[in-house]
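Now for the letters of each chain:
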Amino acid sequence: MSQHDLDPCDVAELERRKRASLGQLLLRSARLLDERAVARVARRGATGVRRAHTALIPYIDLEGTRLTDLAERAGVTKQAVGQVVEELEAAGVVERTPDPDDRRAKRVRFTPHGLKTLLHGLGVLHELEEELTRAMGQKQMASLKKGLTALLAALEAPETPPEGR
């Protein structure tokens, strides 16, 4: 069934629901913020940065993270993470080091250059946040942060089955 097979009223209702969906709003906002940050970093000379890199970097612990844990945290395959890690290694942002808890395993961790890159990226995000705060207003930004913090805590909590089931 294609969009053309639907009644125009159904299409309008689908569009309305899609625009009103919390998930859609969060995903679109995150994508647009990430795109702005990547573009700004690139304009400042850090060419080669891709959204796949910025999607993985938040999941790398400062003491290092196993590839399998990175894949799980990012919600992608170990192969996909491996490819992005190889790109970040080639750029000198991360390195693989022996895991102190398991000699057979490796951890991905930031290099000194990678830590500087991380600080630079966080600075860009801070700039964007300040600009958005000016556009939205301080009170609305504070409310948004408070709401997102509560949302994250609720989503990180173990899921409980709905009542009556």
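Keep in mind the model is a prediction, meaning the values are calculated, not measured.

If you look at the biggest cluster of nonpolar residues, it comprises 14 residues, and the most contacted ones within it are L56, L70, V81, V85, L88, V94 and V108. For this core, the secondary structure elements donating two or more residues are α4 (67-74), α5 (78-90) and β3 (102-110). If you tally residues by element for this core, the top one is α5, at four residues. Setting aside residues up to four positions removed in sequence, V108 forms contacts with I60, G64, T65, L67, L70, V85, V94, E95 and R96.

A contiguous nonpolar patch, built from L22, L26, L33, L119, L122, L125, L132, M136, L144 and L148 and spanning about 800 Å² of accessible area, is present on the exposed surface. A total of five residues in the nonpolar patch trace back to one element, the largest contributor, which is helix α6 (residues 112-136). Within the secondary structure, L119 is located in helix α6. The exposure class of L119 is exposed, given its relative accessible area of 62%.

With that settled, consider α4. Within α4 the residues assigned to the buried category are L67, L70 and A71. Mapping the buried residues of α4 onto a view down its axis gives an arc of 100°, with all of them on the same face. Elements that come into contact with the buried residues of α4 comprise α3 (51-56), β1 (65-66), α5, β2 (94-99) and β3. Trailing α4 by a residue or two, G75 shows a phi angle of about 75°, which is positive.

Here the focus is the environment of A142. If you trace the backbone, A142 turns up in helix α7 (residues 138-156). For A142 and V81, which are 61 residues apart along the polypeptide, the C-alpha to C-alpha distance reads 34 Å.

Attention now moves to the packing of helix α2 (residues 22-43) against α6. Closest axis-to-axis distance for the α2/α6 pair is 10 Å, and the angle between their directions is 125°. Comparing the axis directions of α2 and α6 gives the class oblique. When the axes of α2 and α6 are compared, the crossing they make is right-handed. Facing α2, whose interface residues are L33, R36, A37, R40 and V41, α6 presents H120, V124, L125, E127, L128, E131 and L132. Within the contact of α2 with α6, the residues separate by chemical class into seven nonpolar, one polar and four charged.

Attention shifts here to the packing of α6 against α7. Between α6 and α7, the least distance of the axes is 6 Å, while the angle of their chain directions is 120°. Our classification of the angle between α6 and α7 gives oblique. Across from E129, L132, T133 and M136 in α6, the residues of α7 making contact are Q138, Q140, M141, L144 and K145. Among the residues making up the contact of α6 with α7, the classes are represented as four nonpolar, three polar and two charged.

Rules of the game
- Residues numbered from 1 in each chain as written.
- Predicted model: local features only at pLDDT ≥ 70, side-chain atom pairs only at ≥ 80, totals over all residues.
- Heavy atoms only, no water.
- Core = buried A, V, L, I, M, F, W, Y, C linked by side-chain atoms within 4.5 Å.
- Buried < 20%, exposed > 50% of the residue type's maximum accessible area, 1.4 Å probe, protein only.
- Helix = DSSP H or I, 4+ residues; strand = E, 2+ residues; numbered from the N terminus.
- Contact = heavy atoms within 4.5 Å.
- Patch = residues over 30% accessible without salt bridge, like charges linked within 9 Å, V, L, I, M, F, W, Y side chains within 5 Å.
- Areas by Shrake-Rupley, 256 points an atom, 1.4 Å probe, with all protein chains shown as cover.
- Salt bridge = Lys/Arg side-chain N within 4 Å of Asp/Glu carboxyl O.
- Arc of directions from axis to C-beta.
- Axes fitted to C-alpha atoms, helices over the stretch in contact; angles between N-to-C directions.
- Parallel < 35°, antiparallel > 145°, perpendicular 65-115°, else oblique.
- Left-handed = near helix turned anticlockwise from the far one by under 90°.
- Nonpolar A, V, L, I, M, F, W, Y, C, P; charged D, E, K, R; others polar.

These results come straight from atomic positions and should not be treated as a statement about function.
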